[in-house]
Amino acid sequence: MKRWSGTAGFHGRPAPVASSRLTNAIAASLALGALTLCLVVAVTLLASNISMATSIPA
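Residues numbered from 1 in each chain as written. Predicted model: local features only at pLDDT ≥ 70, side-chain atom pairs only at ≥ 80, totals over all residues. Heavy atoms only, no water.

Chemist: Describe the overall build of the chain, naming the residues involved and giving the relevant values.
Modeler: Secondary structure assignment for the chain yields one helix and zero strands. Looking at the chain residue by residue over its 58 residues, the buried ones come to 0%. Counting only carbon and sulfur atoms, one obtains 71% of the accessible surface of the chain, whose full area is about 5900 Å². (Helix = DSSP H or I, 4+ residues; strand = E, 2+ residues; numbered from the N terminus. Buried < 20%, exposed > 50% of the residue type's maximum accessible area, 1.4 Å probe, protein only. Areas by Shrake-Rupley, 256 points an atom, 1.4 Å probe, with all protein chains shown as cover.)

Chemist: Explain the UniProt feature "transmembrane region" (unreviewed entry) in the chain to me, using residue names and the numbers behind them.
Modeler: Sequence positions flagged by UniProt for "transmembrane region" (unreviewed entry) are, in local numbering, residues 25-47. Secondary structure within residues 25-47 divides into 100% helix and 0% strand; the distance between the first and last C-alpha atoms comes to 33 Å. (UniProt positions renumbered as here; feature names shortened; annotations may be inferred.)

Chemist: With reference to specific residues and values, describe a nonpolar patch on the surface.
Modeler: Taken together, the side chains of Leu 22, Ile 26 and Leu 30 present a nonpolar region at the surface, about 290 Å² in accessible area. You can see Leu 30 is positioned in helix H1 (residues 20-53). On the basis of relative accessible area, Leu 30 is assigned to the exposed category, the value being 59%. (Patch = residues over 30% accessible without salt bridge, like charges linked within 9 Å, V, L, I, M, F, W, Y side chains within 5 Å. Salt bridge = Lys/Arg side-chain N within 4 Å of Asp/Glu carboxyl O.)

Listed below in structure tokens is the structure:
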């Protein structure tokens, strides 16, 4: 078997996989998801700190 030059690896011309609009939409949705996750974690930590600071009447 002969190996043709430029057929394996990253030597060839890059082919576009998705449009730039799709790439930007995916990047924006990932950024929004990361921001939402940070906000959820922050609210959870604040709520647990507030609940630990309050005394429970017996």
